[in-house]
Each structure stands twice: as structure tokens, then as C-alpha cells.
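Residue-level structure breakdown
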Amino acid sequence: MTRMVTSLSALILSIVLLVSGNAFLMTLLGIRLSLEQVPPDVIGWVLVCYSIGFVLGTLYVHRVIGRVGHIRAFAVFAALAAVTSLMYPMAISMVFWAVLRVISGFSIACVLVVIESWFSSRATNANRGALFAVYQIVFYLSAAGGQLVVNVGDPANFLPFSLAAILLTLALIPLSLTRMEAPVIEQVNRLSFFTLARESFTGVAGALICGVLIGGFYALGPVYATLTGLDVAKTSTFMASAIIAAMLVAWPLGRICDRHDRRRVMFWVALVAASASGAIGLLGTMDLWLLTLLVGLFTGLSATVYPIAVAITNDRMESSRIVAASATLLLSYGVGSVIGPVVMAELIGLLGPRGLFLGNAGFLVLLALITSYRITHTEDVAVADQEHYVPAMPEASPVLAELDPRNEEFHATETAAEEDEHLRQVG
């Protein structure tokens, strides 16, 4: 394990710098827009442009990488992400910032595809699970660390944006100097939404609603904190604790999912998360520790909706279709992350800051109702026949689906087929 991590040290360092810089910038923008007294609905439209760019990036970035190669694509888009972070304070224009968010989302998607392709290329059936866990831990800790950097400098001046650009630029160095051979990136196939929904409506609905919840919270959480009177230091702690909670809840909930019917687990997760979110909305401004606890419960459980949705879907998939199904679920999550900031911003405009959490509670209740209906109208998969639960990450590119340990059988089948084809050619 130590040798494996050491061999990937350049990749890991690039991930740390890239993810922390990007997470820092996302929170910084929410705070800065609030300080500029931009209406919440306008903030939602500006910040959602990142998700639009990210979704477009995951769909089209393979063409770019195919033309110029991995290292050049990584260098170009990491540099572009850094440049956009420097341009925000040059002109406080919502249209200008919206365009920058689209460019930033597209750029980060490209960079993640390159990094995750390298991770996937090093995976074997023996180390796939370990690599998957390492990537997730590094990603979450880096995102949480990025929130704490918000304390450096006044969000109203140029310095924090320059720091974000420095982190994103530094991410270029480790990977650009790596000697690892560039992996081959193949276009990830997807099942259509309608095809997948017919086979696992709960999975598609769960991925979509998780995108609404997480996309809305990460975009507007800093806005909520600012509107309720939290200073910059408390806002950074507020956001960091939410990310850490998402990481900590993932593994213990996985043990529950492996021992019980997953749709029933989804139902109770949605209800408990809805209760926590509703409590925040109803209680309003409260003690910071109680707020942090309830937000951690909400975000921790909400973040597990996506991996539970993936597990529910994969239980109904042949191994050869798991990668395609995972890519479609990730796209469904992306669509939800576009819907979330817009809807939640409108609710904040109508109801005040509590609208964010009352809206989240409403979507979670909807998910519980959908799951309950599917439980009573479709057959369950026996617990003994369920695939092993893996805490899949939605904040990634479709390439990461190939690293999922549940794909061991699929990759073993692919390898055997390639060997048979090679023997036929040699023969």
C-alpha cells in the first residue's frame, strides 16, 4: 500500500493543490457575492454556471485530450482555471462572472478526467479498492482544507483570488514532471436516462436529487452563512465540517447497506436528512455548534444518497453495463447540480436564508415518497444477491467509474477477451 501511494505521489499532490484551490474559490465566490449584496436568485444563476461547464466538460473533454494529449490538456486547462480565478475581481459583473464559472467548470472537468485516468490506469483487481479509497480520502480532505484557506485575507480584496490562482497553478508542477506513461482514455458509454430509469427509477431519482442537494448546498451554503451573520472564519468552519461529515458517514453507512435492503436504507436516510434540514430551516439562527451538528448530519446523509443510488442500480445491472450505468447516474447528478442552486436561490429570495434548508427538506421528502412507492410496487433484490457497497463519489468525472471495485468482474472479462483475441491473431 505504501509503495503504491508513493508511486502516485505526483498525482496525489496535484489533486491536493487542485481540489483545495477549487473548493476554496467556490466558497470565496459565494461570500464575495453576498458581500456585494447581490440578490440570492442572481447568485444562484451565476454559481450554477460552474455545474453547467463541468457537465459539458465531462461530455466533450475526451475530444480535446485525443487531439493534444494528457500533459498538454492538463497544463492548458489547469492554467485556464488559474487565469479565471484572477479575473473575478477585475470586474464585478454578473454576466462576466457567469462566463468565468462556465470556463472554470469545463476546465476542472478536463483536469479531473486526466488525473482520474492515471489513477484508473494503475488499477488492478488486487488494488482497485485501495486506490478508490485513497482517491476519495485525498479528495475530501483537500476540499475540506480548501474551506479553511478562506480565512486568509479579506474576501473583498484581490488577495484571496490570487491565492486560489497560486494553488491551481502549483497543481501543474507535480503532474507535468511525472514520468508515468500517459494512459489511454476511451469515450465512456452511457445508457439513456429512460432506459436506466426503467430498470432502476429509484437509482436515477436518487442521483438527480442528490445533485440538487449537494449542488445547492455547496453553491449557496456560504451565502446562507453570510446572511445569518457568520463571519468568514465561522463560514469556513461551517463548510469544512460539512465536507468532513460527508466523508465520515460514507463508510459506516456502507456496512448498513451491505446488511439490509438498500431501498429501505435510502428511505430512512432521506427521512432523517429531511428532519435535520427541516430543523435548521425552522430554528433559523442558532448556536454555532448545534448548527454545525445538524448541517453535518444533513450533508453527511445527503452525500450518501448518490452511492446508495449507484448501489441500487448496480444490483440490477449485468457487470458489463455497470460502467455505462455509472456514467449515466453521474450525468443525472450533474443535471441535479444545475437545478439545485437555481431552485434554492429562488427559495432564499422568497423565504430568507432558511429557504435553503426548507427546500432541501422538501426534495428529501420527495425522494422518500418515490422510494416508498417503488418498494411497494416492485420486487426487492435479496440482500444475499446485492453487490458489495462502495462509497461512490459524485464530485468526479465518468472515468472514475472504471476504478469502482465492483467492476473487477467486468475488467477480468475484458482482459480475458483481449487475451483470447491476441491468441487468435498469433495463431
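Residues numbered from 1 in each chain as written. Predicted model: local features only at pLDDT ≥ 70, side-chain atom pairs only at ≥ 80, totals over all residues. Heavy atoms only, no water.

Points about the overall build of the protein chain
Put simply, the rule is: Numbering goes from the N terminus for both helices and strands, where a helix is a DSSP run of H or I of at least four residues and a strand is a run of E of at least two. Categorising residues by exposure relies on relative accessible area from a 1.4 Å probe, with only protein chains included: less than 20% of the type maximum marks a residue as buried, more than 50% marks it as exposed, and the intermediate range marks it as partly exposed. Every residue pair with non-hydrogen atoms within 4.5 Å of one another is taken to be in contact.
Each helix and strand counted, the protein chain has 16 helices and zero strands in total. In the protein chain, buried positions account for 58% of the 427 residues. In the protein chain, the share of contacts with a sequence separation of at least 24, taken over all contacts with a separation of at least 6, comes to 86%.

Examining the confidence of the model for the protein chain
The predicted coordinates of low-pLDDT regions are not to be read in fine detail. Stated formally: Scored between 0 and 100, pLDDT is the confidence that the predictor attaches to each residue.
Across the protein chain, the average pLDDT comes to 82, with 81% of residues at or above 70. Note on residues 410-423: pLDDT under 50 across the span, and seven contacts to partners over four residues away in sequence or across chains.

What about the environment of Asn314?
Residue placement: Asn314 occurs in helix 13 (residues 288-314). Since its relative accessible area comes to 0%, Asn314 is described here as buried. Between the C-alpha atom of Asn314 and that of Ala325, which follows or precedes it by eleven residues, the distance is 7.6 Å.

Here we look at the pattern of salt bridges
The condition is simple: The term salt bridge refers to a pairing of a side-chain nitrogen on Lys or Arg with a carboxyl oxygen on Asp or Glu at a separation within 4 Å.
If you walk through the whole model with that rule in mind, you get two salt bridges. Residue Arg32 pairs with Glu36 through a salt bridge whose shortest N-O separation is 3.0 Å. Judged by its relative accessible area of 6%, Arg32 is buried. Here Asp261 ties to Arg264 by a salt bridge, and the two come within 3.1 Å at their closest N and O atoms. With relative accessibility at 12%, the residue Asp261 sits in the buried group.

Some words on unusual backbone geometry
One non-glycine residue, Gln37, lies in positive phi territory at about 60°. Looking at the element boundaries, Gln37 is found in the loop between helix 2 (9-35) and helix 3 (40-68).

Some thoughts on the packing of helix 10 (residues 201-227) against helix 13
Helices that pack against each other are described as a pair by the angle of their axes relative to one another and the distance between those axes. What counts here: To obtain an axis, a line is fitted to C-alpha atoms, over the contacting stretch when the element is a helix, and the angle between two such axes runs from 0 to 180 degrees between their N-to-C directions. What sets the label is the angle itself: under 35 degrees gives roughly parallel, over 145 gives roughly antiparallel, 65 to 115 gives roughly perpendicular, and the rest give oblique. A clockwise turn of the near helix away from the far one marks a right-handed crossing, whereas an anticlockwise turn of less than a right angle marks a left-handed crossing. Side-chain classes follow a simple rule in which Ala, Val, Leu, Ile, Met, Phe, Trp, Tyr, Cys and Pro form the nonpolar group, Asp, Glu, Lys and Arg form the charged group, and the remainder, Gly included, forms the polar group.
The interhelical angle for the contact between helix 10 and helix 13, taken along N-to-C directions, is 150°, at an axis separation of 8 Å. Relative to helix 13, helix 10 is oriented roughly antiparallel. Seen along the crossing, helix 10 lies across helix 13 with a hand that is left-handed. For the pair formed by helix 10 and helix 13, the contact residues are Thr202, Gly203, Gly206, Ala207, Cys210, Leu213, Ile214, Phe217 and Tyr224 on the first element and Leu291, Val295, Phe298, Thr299, Ser302, Ala303, Val305, Tyr306, Ala309, Ile312 and Thr313 on the second. Among the residues making up the contact of helix 10 with helix 13, the classes are represented as 14 nonpolar, six polar and no charged.

Side note on the nonpolar core
Here is a general trend for soluble globular proteins: nonpolar side chains tend to be buried in one another's company. Under the convention used in this document: Throughout this description, the term nonpolar core refers to a set of buried Ala, Val, Leu, Ile, Met, Phe, Trp, Tyr and Cys residues connected via side-chain atoms within 4.5 Å.
Counting residues in hydrophobic clusters, the biggest one holds 120 residues, and the most contacted among them are Ile115, Phe119, Phe217, Leu220, Phe238 and Phe357. Per-element tally for this core: the top contributor is helix 10, with 14 residues. With residues near it in sequence (within four places) discarded, Phe238 still touches Phe217, Gly221, Tyr224, Ala225, Leu291, Val295 and Phe357.

Some points on the side chain of Ser51
The condition that has to hold: The term polar contact refers here to a pair of N or O atoms within 3.5 Å; inside protein, the definition further demands a hydrogen-donor-capable atom paired with an acceptor-capable atom, and it admits residues adjacent in sequence only when both atoms are side-chain atoms.
Examined against the element boundaries, Ser51 turns out to sit in helix 3. For Ser51, the side chain forms a polar contact with the main-chain oxygen of Ser337, separated by 3.4 Å.

Quick notes on the packing of aromatic side chains
Note the following rule: Between 30 and 60 degrees the pair is tilted, below 30 it is stacked and above 60 it is edge-to-face, where a pair is any two Phe, Tyr or Trp rings, Trp via its six-membered ring, whose centres lie within 6.5 Å.
Taken as a whole and assessed by the stated rule, the structure comprises 15 aromatic pairs. Here the aromatic rings of Tyr88 and Phe161 are separated by 6.1 Å at their centres, their planes lie at 35°, and the arrangement is tilted. With a gap of 73 residues between them, Tyr88 in the loop between helix 4 (70-87) and helix 5 (94-121) and Phe161 in helix 7 (residues 159-170) connect regions that are remote in the sequence. Just as Tyr88 is buried, Phe161 falls in that class too. A connected cluster of aromatic rings, assembled from ring pairs, spans Phe217, Tyr218, Tyr224, Phe238, Phe298 and Phe357.

Topic: a nonpolar patch on the surface
As a reminder of what qualifies: Each patch is built from residues lacking any salt bridge and having more than 30% relative accessible area; the joining distance is 9 Å for like charges and 5 Å for nonpolar side chains (Val, Leu, Ile, Met, Phe, Trp, Tyr). Accessible areas in this description were obtained via Shrake-Rupley with a 1.4 Å probe; residue shielding takes into account the shown protein chains only.
Judged by side-chain polarity, Leu80, Val95, Val99 and Ile103 come together as a nonpolar surface patch covering roughly 320 Å² of accessible area. Top element by residues in the nonpolar patch is helix 5. It accounts for three residues. Within the secondary structure layout, Val95 lies in helix 5. With relative accessibility at 64%, the residue Val95 sits in the exposed group.

Quick notes on the packing of helix 10 against helix 11 (residues 232-257)
Helix 11 packs onto helix 10 with a crossing angle of 150° between their chain directions and a minimal axis gap of 9 Å. Helix 11 is crossed by helix 10, and the crossing has right-handed handedness. Between helix 10, through Phe217, Tyr218, Gly221, Pro222, Tyr224 and Ala225, and helix 11, the contact on the second element is made entirely by Thr235, Phe238, Met239, Ala242 and Ile243. When its residues are assigned to classes, the contact of helix 10 with helix 11 shows nine nonpolar, two polar and no charged.

Quick look at the environment of Gly281
Looking at the secondary structure, you find Gly281 in helix 12 (residues 262-283). Once the C-alpha coordinates of Gly281 and Pro353 are considered, the two residues, 72 residues apart in sequence, prove to be 8.0 Å apart. In this structure Gly281 touches Arg354, Phe357 and Leu358, once residues within four positions along its chain are discounted.

Let's talk about helix 10
Stated precisely, the cut-off is as follows: For a helix, the expected span equals 1.5 Å multiplied by the residue count minus one. Bend at a residue means the angle formed by two fitted axes: the first through the 7 residues ending at that position, the second through the 7 residues beginning there.
Over its 27 residues, helix 10 runs 37 Å from end to end, which matches the ideal 39 Å to within 8%, given 1.5 Å per residue. The sharpest bend along helix 10 comes to roughly 50°, located at Leu220, with the proline Pro222 sitting one to four residues further on. By the criterion of burial, helix 10 is predominantly enclosed, with 23 of the 27 residues buried. Of the residues one or two after helix 10, Gly229 is the one with positive phi, at around 95°.

Some thoughts on helix 2
Look at helix 2: 39 Å from first C-alpha to last across 27 residues, which is about the 39 Å you get at 1.5 Å a residue. Of all 27 residues in helix 2, 22 are buried, a share of seventy percent or more. Immediately downstream of helix 2, the backbone of Gln37 shows phi near 60°, a positive value.

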